[in-house]
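Residues per chain, in single letters:
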Amino acid sequence: MSLRINDTAPDFEAETTQGKIKFHDWIGDQWAILFSHPKDFTPVCTTELGYMAKIEPEFAKRNAKLIGLSVDPVGRHEEWSRDIEETQGAKVKYPMIGDSDLKVAKLYNMLPAEEVASDGRTAATNATVRSVFIVGPDKKIKLMLTYPMTTGRNFDEILRVLDSMQLTSKYKVATPANWKQGQDVIIAGSVNDEDAKKQYPGGWKAPKPYLRIVPQPK
């Protein structure tokens, strides 16, 4: 089964570096960022995990939790986390899922269902386990991104998207290209002009009738 935006995120039980979890219960009423890795002790992923450790407080401010996944066992994750702290200068405090049976990777369509776990697997074999999923408090998938192995992920972009999704879930607006917190937004197309006048009595800029620009709601 392929996954799409607004599908319910598949629930699962898994061992992590912080004990066994049931994913939906672990999310609770918060947002969740699940990001995956094709193998422990890989160079690009080491920098990514370290950067996420550094900016985890920014996600916490946004009522969001981080959880990593790699196809190696939890014991290997714990060894790897020491390398991450040493080389990246940040301690990994969020949980890391051990997915040596590839259960979660296959459940989230990161690997074909017919793949089997084996100690002989390499990072290249698992190249597509380089995905980021944002899951909302309603347990729906809000974003999916998959990166190539040689390109480190831009986790500042994940923060930017999270800001946009939280804003647009509260107000009937959309955010334009390259939008950042505090910049102008667009009145959603689902809001007609009559209703828009009630929400924005001061009016809006409209270079085209369908492009109605207003300051970001506070």
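Model, not experiment: these values are computed from the prediction.

Colleague: What should I look at first to understand unusual backbone geometry in this one?
Modeller: With phi around 80°, Asn6 is a residue other than glycine that occupies positive phi space. Turning to its location among the elements, Asn6 is positioned in the segment before strand E1 (13–16). Backbone geometry at Phe41 places phi at a positive 60°, although glycine is not the residue there. As for its placement among the helices and strands, Phe41 is situated in the loop between strand E3 (31–37) and helix H2 (43–61). Accessibility expressed as a relative area gives 32% for Phe41, which makes it partly exposed.

Colleague: Please clarify how the pattern of salt bridges should be interpreted in this entry.
Modeller: Should their charged atoms come close, side chains of opposite charge can pair. Enumeration over the complete set of coordinates arrives at 14 salt bridges. As a salt-bridge pair, Arg62 and Asp163 come within 2.6 Å of each other at their nearest N and O atoms. Taken together, the residues span a long stretch of sequence, with Arg62 in the loop between H2 and strand E4 (64–70) and Asp163 in helix H5 (residues 155–170) at a distance of 101 residues. For Arg62, a relative accessible area of 18% translates into the label buried. One network of salt bridges, with partners in common, ties together Glu58, Lys61, Arg62 and Asp163.

Colleague: How should I be thinking about the packing of H2 against helix H3 (residues 74–88) in this particular structure?
Modeller: Two quantities define a packed helix pair, namely the angle between the helix axes and the distance between the axes. Across the interface, H2 lies against H3 with an axial gap of 9 Å and an inter-helix angle of 75°. In terms of their interaxial angle, H2 and H3 are classed as roughly perpendicular. Residues Cys45, Thr46, Thr47, Leu49, Gly50 and Lys54 of H2 form the contact with H3, whose own contacting residues are Trp80, Ile84, Thr87 and Gln88. A class-by-class count of the residues in the contact of H2 with H3 yields four nonpolar, five polar and one charged.

Colleague: Would you mind going over the nonpolar core with me for this structure?
Modeller: Nonpolar side chains tend to gather and get buried jointly when the protein is soluble and globular. Core analysis: the largest hydrophobic core is formed by 26 residues, its most contacted members being Ile33, Phe35, Met52, Phe59, Tyr94, Ile134 and Ile158. Of all the secondary structure elements, the ones that give two or more residues to this core are E3, H2, E4, H3, strand E6 (131–135) and H5. Contact partners of Met52, with chain neighbours within four places excluded, come to Ile33, Phe35, Phe59, Leu66, Tyr94 and Phe155. Membership of the second largest hydrophobic core comes to 24 residues, among which are Leu3, Ala32, Ile67 and Val129.

Colleague: Sorry if this is basic, but what is going on with the packing of H2 against H5 here?
Modeller: Remark: H2 packs on H5, axes separated minimally by 10 Å, with the N-to-C direction vectors making an angle of 30°. One element, H2, and the other, H5, form an angle in the roughly parallel class. Considering the relative orientation of H2 and H5, their crossing is right-handed. Where H2 approaches H5, its residues Glu48, Tyr51, Met52, Ile55, Glu58 and Phe59 are matched on the opposing element by Phe155, Asp156, Ile158, Leu159 and Leu162. Residues of the contact of H2 with H5, tallied by class, amount to eight nonpolar, no polar and three charged.

Calculation notes
- Residues numbered from 1 in each chain as written.
- Predicted model: local features only at pLDDT ≥ 70, side-chain atom pairs only at ≥ 80, totals over all residues.
- Heavy atoms only, no water.
- Helix = DSSP H or I, 4+ residues; strand = E, 2+ residues; numbered from the N terminus.
- Buried < 20%, exposed > 50% of the residue type's maximum accessible area, 1.4 Å probe, protein only.
- Salt bridge = Lys/Arg side-chain N within 4 Å of Asp/Glu carboxyl O.
- Axes fitted to C-alpha atoms, helices over the stretch in contact; angles between N-to-C directions.
- Parallel < 35°, antiparallel > 145°, perpendicular 65-115°, else oblique.
- Contact = heavy atoms within 4.5 Å.
- Nonpolar A, V, L, I, M, F, W, Y, C, P; charged D, E, K, R; others polar.
- Core = buried A, V, L, I, M, F, W, Y, C linked by side-chain atoms within 4.5 Å.
- Left-handed = near helix turned anticlockwise from the far one by under 90°.

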